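Observations on the three-dimensional arrangement
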Amino acid sequence: MEALGPRRLSIDDLASCCDLDRLALGGLWTPLQWRRELEDPDRLCLGLSQGPRQGPRQGEVLEALATGSVIHDELHVSVVAVHPERQRLGLGRRVLEALVWQAHLLGCRRATLEVAEANRAALSLYASLGFRTAGRRRSYYRNGDDALIQWAPLGPGLDAG
Ligand SMILES: CC(C)(COP(=O)(O)OP(=O)(O)OC[C@H]1O[C@@H](n2cnc3c(N)ncnc32)[C@H](O)[C@@H]1OP(=O)(O)O)[C@@H](O)C(=O)NCCC(=O)NCCS
C-alpha cells in the first residue's frame, strides 16, 4: 500500500466520502449532499488515499478529503476531514494545501471557511495556512457553538503542497 494523491474525487468516491464523513465528522452530510458535491463542476473535491500503486481503485482507502466551491475569485471551503486513525500525520494540511493551490490556479484570490470556535485542531491547521477570523455566527451549530468566519489570501508565496 502506498500514499496516493492528492487526486480529484469523483462520483466513484461517493461511498468512501460518506464513510470518511461518518468517521471524522459524525455524518455531516447525507449521501445526496455528497453526490451534489462530487458531481457539481464548480466544486473542487480532493482526496488522499492509501492503496496499490497500480491496479483497480477498489483497493484504495480514502484517508483525507477537502472540498470547496469556486465562486468568482473566491474558494469557499466546505469540508476538511481526516480518518481518525490517520490524524496528526500531516494529511489534513496536505489535502487542504492542495485544494487551495488548485483554487489559486483557477484564479481564486482568497479563501473562506466556517469553523466551530471549539475545534482547536481545525483552527490551528487553518491558522498555519494563513486563515484569520473576520466574523462570527452565533449559535450556528446544532450544539449551540458559534462559528468563526475565516479568510485567507491566495497569491504569491503559496506552496504547491
Ligand atoms: C482538523 C483535521 C482536518 C486536521 O487534520 P490532521 O491531518 O489531523 O492535521 P495535520 O496533521 O495536517 O496537522 C496540521 C496542523 O494542524 C494543527 N493540528 C492538527 N491536529 C491538532 C490537534 N489535535 N490539536 C492541536 N493542533 C492540531 C497543528 O497546528 C498541526 O501542525 P503540527 O502537527 O506541525 O503541530 C482533523 O483533525 C479532522 O479531520 N478532524 C475532524 C473533522 C473536522 O473537524 N474537520 C474540520 C471542520 S470541517
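Below or above, wherever it landed, is the structure these notes cover. Since the model is a prediction, treat every value here as computed from it, not as a measurement.

Quick look at the site of the ligand now. Taken together, the neighbourhood of the ligand is formed by 18 residues, with Val80, Arg88, Gly90, Asn119 and Ser124 sitting nearest. Between the ligand and Val82 there is a distance of 2.8 Å, counted from an oxygen atom to a backbone nitrogen or oxygen. For the ligand, an oxygen atom lies 2.7 Å from a polar atom in the backbone of Arg88. Alone, the ligand offers 910 Å² of accessible surface; in the complex the protein occludes 74% of this.

The next thing to look at is the sheet that holds strand β4 (residues 74–82). One open sheet holds the 7 strands; their spatial order is β1-β2-β3-β4-β5-β7-β6, and the pairing between them is mixed. A strand with exactly one partner marks an edge of an open sheet, and here the two such strands are β1 (2–8) and β6 (132–137). With strand direction ignored, the average angle separating the axes of adjacent strands in the sheet is 20 degrees. Sheet topology note: the strand β2 (residues 43–51)/strand β3 (residues 61–71) ladder contains 8 bridges and is antiparallel. The residue bridging Leu48 from the neighbouring strand is Ala64, located in β3. Sitting on the sheet, helix α4 (residues 120–128) is in contact with β4, β5 (110–116), β6 and β7 (147–153), with an inclination near 165 degrees to β5.

Tallied over the entire structure, the rule returns 3 aromatic pairs. Seen in terms of ring centroids, Tyr140 and Tyr141 are 5.1 Å apart; in terms of plane orientation they differ by 85 degrees. Their pairing is edge-to-face. By relative accessible area, which is 42% here, Tyr140 ends up partly exposed. By relative accessible area, Tyr141 is classed as partly exposed at 27%. The ring of Trp151 is capped by Arg110, whose NZ or CZ atom sits 3.9 Å from the centre of that ring.

Right, let's get into α4. An α-helical segment advances 3.6 residues per turn. Residues three or four places apart therefore align on the same side. Restricting attention to buried positions, one finds in α4 the residues Ala122, Leu123, Leu125 and Tyr126. Along α4, the residues classed as buried sweep out an arc of 165 degrees about the axis, all on the same side. Pointing more than 90 degrees away from the buried face of α4 are the exposed residues Arg120 and Ala121. Where α4 is buried, its residues touch β4, α3 (91–105), β5 and β7.

In this section: the layout of surface pockets. What the largest pocket holds in volume is close to 1400 Å³. Taken together, 38 residues line the largest pocket, and the ones lying closest to its centre are Leu25, Val80, Asn119, Ala122 and Tyr126. Looking at which element gives the most residues to the lining of the largest pocket, the answer is β4, with 7 residues.

Our next topic: the pattern of salt bridges. A side chain with one charge can pair with a side chain of the opposite charge if their charged atoms come near. This model, assessed by the stated rule, comprises 12 salt bridges. Here Arg7 and Glu60 are joined by a salt bridge, their closest N and O atoms 3.2 Å apart. With Arg7 in strand β1 and Glu60 in the loop between β2 and β3, this pair connects stretches of sequence that are 53 residues apart. In terms of burial, Arg7 and Glu60 fall into one category: buried. Residue Arg86 is joined to Glu63 by a salt bridge in which the shortest nitrogen-to-oxygen separation is 2.6 Å. Taken as a pair, Arg86 in the loop between β4 and α3 and Glu63 in strand β3 lie far apart in primary sequence, 23 residues in all. Assessed through its relative accessible area of 8%, Glu63 is described here as buried. Through salt bridges with shared partners, a single ionic network connects Glu117, Arg136, Arg138 and Asp146.

Rules used throughout
Every chain's residues receive numbers from 1 upward, in the order its sequence appears when written. Residues qualify for local features only when their pLDDT is at least 70, as the model is predicted, and side-chain atom pairs are given and counted only at 80 or more; totals for whole chains, interfaces and linings, by contrast, use all residues. For side-chain calculations, the full set of non-hydrogen atoms in the structure is used, while hydrogens and water are omitted. Nearness is judged by heavy atoms alone; a residue qualifies as near a molecule or strand once a single heavy atom is within 4 Å of it. By the criterion applied in these results, polar contacts are pairs of N or O atoms within 3.5 Å in which, for protein atoms, one can donate a hydrogen and the other can accept it, and in which residues neighboring in sequence qualify only through two side-chain atoms. For every accessible area listed, the method is Shrake-Rupley and the probe measures 1.4 Å; residues are considered covered only by the protein chains on display. For two strands to count as paired, DSSP must find a minimum of two bridges between them. In this description a helix means any DSSP run of H or I spanning at least four residues, a strand means any run of E spanning at least two, and both kinds are numbered starting from the N terminus. For helices, the fitted axis covers only the stretch in contact; all axes are lines through C-alpha atoms, and the angles between them, taken along N-to-C directions, range from 0 to 180 degrees. A contact between two residues is defined here by any heavy atoms of the two lying within 4.5 Å. Paired rings are identified among Phe, Tyr and Trp, the last through its six-membered ring, by centres lying within 6.5 Å, and are further divided according to the angle between planes into stacked (under 30 degrees), edge-to-face (over 60) and tilted (the rest). Each residue is assigned to one of three classes by its accessible area relative to the maximum for its type, calculated with a 1.4 Å probe on protein chains only: buried under 20%, partly exposed between the two thresholds, exposed over 50%. Each ring is checked for a lysine NZ or an arginine CZ that lies within 6 Å of its centre and within 35 degrees of its normal; such an atom marks a charge sitting over the ring. Note that the arc is defined by the directions from the helix axis to the C-beta atoms. Detection works on a 1 Å grid of protein atoms alone, calling trapped sets that fit a 1.4 Å probe cavities and calling open sets with protein on both sides within 12 Å along at least five of seven lines pockets, with lining residues defined by an atom within 4 Å of a point. Grid points are joined across faces, edges and corners, and a volume is the space filled by probe spheres set on the points. We count a salt bridge whenever a side-chain nitrogen from Lys or Arg sits within 4 Å of a carboxyl oxygen from Asp or Glu.

Limitation: the analysis is restricted to geometry and does not speak to function.
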